[in-house]
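Observations on the three-dimensional arrangement
Listed below, chain by chain, are the residues.
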Amino acid sequence: MATVDRTKIAKPSPIVEDDQGQLRARQGISREVVSELSKIKGEPDWMAEKRLKSLEIFERKPVPTWDRTSAA
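First, a word on scope: everything that follows refers to the structure included in this document. (Residues numbered from 1 in each chain as written. Predicted model: local features only at pLDDT ≥ 70, side-chain atom pairs only at ≥ 80, totals over all residues. Heavy atoms only, no water.)

Topic: the packing of helix α1 (residues 31-41) against helix α2 (residues 45-60)
- The contact between α1 and α2 brings their axes to 10 Å, and the two run at 155°. It follows from the interaxial angle that α1 and α2 lie roughly antiparallel. Crossing of α1 against α2: the hand is right-handed. Judged by residue contacts, R31, V34, S35, S38 and K41 of α1 engage A48, R51, L52, L55 and E56 from α2.
- Taken together, the residues of the contact of α1 with α2 sort by class into four nonpolar, two polar and four charged. (Axes fitted to C-alpha atoms, helices over the stretch in contact; angles between N-to-C directions. Helix = DSSP H or I, 4+ residues; strand = E, 2+ residues; numbered from the N terminus. Parallel < 35°, antiparallel > 145°, perpendicular 65-115°, else oblique. Left-handed = near helix turned anticlockwise from the far one by under 90°. Contact = heavy atoms within 4.5 Å. Nonpolar A, V, L, I, M, F, W, Y, C, P; charged D, E, K, R; others polar.)

Overview of the environment of S38
- Tracing the backbone through its elements, the reader meets S38 in helix α1.
- S38 gets classed as buried once you look at its relative accessible area, which sits at 2%.
- Once the C-alpha coordinates of S38 and L52 are considered, the two residues, 14 residues apart in sequence, prove to be 9.8 Å apart.
- Those residues in contact with S38 that sit more than four places away from it in its chain are E43, A48 and R51. (Buried < 20%, exposed > 50% of the residue type's maximum accessible area, 1.4 Å probe, protein only.)

Now the structure itself:
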């Protein structure tokens, strides 16, 4: 029985593999990227759901602003 090489990613995936074999997201983080990454890693459904829930929490958080003009 032949083994399937799961490291190759079919196009058009939001995840690409760089020259060193590292997985990289093309357009930053999104539901599509999180889902695809979980699928590539062969994670169970509960882990993918946990990752998506964490992304939802992250997206609700305000982006911090760093005011450098009021230095002490």
